[in-house]
Amino acid sequence: MSEWIDGHGRKIDYLRLSVTDRCDFRCVYCMAENMKFLPRQQVLTLEEIERVARIFVERGVKKLRLTGGEPLVRPGIVGLCERLAALPGLRELCMTSNGSQLTRYARDLRSAGLSRLNVSLDTLDAQRFAAITRTGRLGQVLRGIDAAQEAGIEHIKLNCVVMTGRNADEVPALVDYAIARRLDISFIEEMPLGQVGREREESFCSSDEVRALIAERHELLDSTEHSGGPARYMRLAQHPGTRIGFISPHSHNFCSACNRLRLTAEGRLLLCLGHEHSLDMRSLLRRHPLHDEPILDALHGALQRKPARHDFTVGDVQVLRFMNLSGG
């Protein structure tokens, strides 16, 4: 069985699958307040998503992550999880969610075989939460996190996009929340995707700044642990049940070890989050419904064009598509 190797010799063993561009939140770092979503006929069917996953897993991808938009607003998502989790050779089926639907779905997701769950949580203040998400309610998400833990989902991590002037002062409180629940938490530098109606440069907060805020209260220990994604982890000396992750596309570029591809909800295989290079998988899937060979040939060719790195800068929008179109 051949592996997926890109033109720079990097092994690709992680595929992120966006199941929808729709979301019940309108987070300020992800999309504009008034969004136009894809016509439903342009979105991949669940069967098409499953086929792509199978093609990749059969040739060495070990980790699949379902994203959106918000994946739990897609009808049939639990059944898709069950089918993907059963793919021979898959090591981990993961999901990134805003947490709003977890009280409804957590137990079913656990039964379906979901092994890892990331939940976005940018603030513990209800008014700030409403301002950042524009439509979300903090209590609903906190109850969802509790439901996921009660359901027995083994690995749960919080994701926080840190923005000066919005939530950077809450970093210590968010760490304390994670410690109290023995959860991991990752702090993310905002990525310059899409015109979101504000200047990102004014709110940029680097991972080094976040680390300094945490170090004022906790002893941080270097760690070689890796989840298979872009986060760099540290341990807390006094709280071994919680890891602190830093995702730093600006200040500590992680492209040299990139092992990921993203499939958008409309079927574009993004070769790099920071570039528009992509392969039109939807057309390939619909042109070749019975035979994988033409799709495999196109994939191998596309991988040779995967960029060496992104070129993110803090103040400029390099990519016009919004994060919900890129896949969570």
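Residues numbered from 1 in each chain as written. Predicted model: local features only at pLDDT ≥ 70, side-chain atom pairs only at ≥ 80, totals over all residues. Heavy atoms only, no water.

1. Some details on the overall build of the protein
Across its full length, the protein holds 10 helices and 12 strands. Across the 328 residues in the protein, those meeting the buried criterion constitute 58%. Taking as baseline every contact in the protein between residues at least 6 positions apart, the subset at least 24 positions apart corresponds to 73%. (Helix = DSSP H or I, 4+ residues; strand = E, 2+ residues; numbered from the N terminus. Buried < 20%, exposed > 50% of the residue type's maximum accessible area, 1.4 Å probe, protein only. Contact = heavy atoms within 4.5 Å.)

2. Considerations on the nonpolar core
One finds Leu17, Leu64, Phe187, Ile214 and Leu269 to be the most contacted residues of the largest nonpolar core, which totals 96 residues. Those residues in contact with Phe187, other than ones at most four positions away along the chain, are Cys160, Val162, Val171, Leu174, Val175, Ser207, Val210, Ile214, Ile244, Gly245, Phe246 and Ile247. (Core = buried A, V, L, I, M, F, W, Y, C linked by side-chain atoms within 4.5 Å.)

3. Brief notes about the packing of helix H3 (residues 102-112) against helix H5 (residues 138-151)
The geometry of H3 relative to H5 is characterised by a closest axis approach of 8 Å and an angle of 20° between their N-to-C directions. One way to sum up the angle between H3 and H5 is to call them roughly parallel. As for the relative orientation of H3 and H5, their crossing is right-handed in sense. Across the interface between the two elements, Leu102, Thr103, Ala106, Arg107 and Arg110 of H3 pack against Arg143, Gly144, Ile145, Ala147, Ala148, Glu150 and Ala151 of H5. (Axes fitted to C-alpha atoms, helices over the stretch in contact; angles between N-to-C directions. Parallel < 35°, antiparallel > 145°, perpendicular 65-115°, else oblique. Left-handed = near helix turned anticlockwise from the far one by under 90°.)

4. Quick word on the packing of helix H2 (residues 77-85) against H3
As a packed pair, H2 and H3 sit with axes 8 Å apart at the nearest point and diverge in direction by 20°. Put simply, H2 runs roughly parallel to H3. H2 and H3 meet at a crossing whose hand is right-handed. On H3, the residues touching Val78, Cys81, Glu82 and Ala85 of H2 are Tyr105, Asp108, Leu109 and Ala112. Classifying every residue of the contact of H2 with H3 gives 6 nonpolar, no polar and 2 charged. (Nonpolar A, V, L, I, M, F, W, Y, C, P; charged D, E, K, R; others polar.)

5. Structural notes on the UniProt feature "binding site: [4Fe-4S] cluster 2" (unreviewed entry) in the protein
According to UniProt, the feature "binding site: [4Fe-4S] cluster 2" (unreviewed entry) maps to Cys255, Cys258 and Cys272 in the numbering used here. Considering the C-alpha atoms alone, the annotated residues occupy 18 residues of sequence yet fold into one spot, their largest mutual distance being 9.3 Å. The residue Cys255 is located in the loop between strand E9 (239-247) and strand E10 (260-263) in this model. Under the relative-accessibility criterion, Cys258 is labelled buried at 13%. The residues contacting Cys258, other than those within four sequence positions of it, are Arg10, Lys11, Ile12 and Lys306. (UniProt positions renumbered as here; feature names shortened; annotations may be inferred.)

6. A few points about the UniProt feature "binding site: GTP" (unreviewed entry) in the protein
Per the UniProt annotation, the sites labelled "binding site: GTP" (unreviewed entry) are Arg16, Arg65, Thr96, Lys157, Arg260, Leu261 and Arg262. Of note, Arg65 is situated in strand E2 (residues 63-67). Other than its neighbours up to four places away in sequence, Arg65 contacts Tyr14, Leu15, Arg16, Leu17, Cys94, Met95, Thr96 and Asn118. Here Met95 takes part through its backbone oxygen, which lies 3.2 Å from a polar atom of the side chain of Arg65. Secondary-structure assignment places Lys157 in strand E5 (residues 155-162). On the basis of relative accessible area, Lys157 is assigned to the buried category, the value being 11%. Each residue touching Lys157, except ones within four places of it in the same chain, is listed here: Leu117, Asn118, Val119, Asp184, Ile185, Ser186 and Tyr233. (Polar contact = N/O pair within 3.5 Å; in protein donor to acceptor, adjacent residues only side chain to side chain.)

7. Here we look at the environment of Asn98
Note on placement: Asn98 falls in the loop between strand E3 (92-97) and H3. Sequence spacing of Asn98 and Asp24 is 74 residues, and the spatial spacing of their C-alpha atoms is 8.8 Å. Ignoring anything within four residues of it in the chain, the contact list for Asn98 reads Cys23, Asp24, Phe25, Glu70, Val119, Ser120 and Val141. A distance of 2.8 Å separates a polar atom in the side chain of Asn98 from a polar atom in the side chain of Asp24.

8. So, the pattern of salt bridges
Scanning the entire structure with this criterion turns up 15 salt bridges. With a closest N to O distance of 2.7 Å, Arg286 and Glu48 form a salt bridge. Separated by 238 residues along the polypeptide, Arg286 in helix H8 (residues 281-287) and Glu48 in helix H1 (residues 46-57) bring together distant segments of the chain. On the basis of relative accessibility, which here comes to 41%, the residue Arg286 falls in the partly exposed class. Look at Glu48 and you get buried, because its relative accessible area is 12%. Salt-bridge contacts for Arg217 lead to Asp176; the nearest nitrogen and oxygen are separated by 2.9 Å. Within this pair, whereas Arg217 is found in the loop between helix H7 (207-215) and strand E7 (220-222), its partner Asp176 is found in helix H6 (residues 171-180), the two being separated by 41 residues in sequence. Where salt bridges share partners, they join Arg51, Arg54, Glu58, Arg59 and Asp292 into one cluster. (Salt bridge = Lys/Arg side-chain N within 4 Å of Asp/Glu carboxyl O.)

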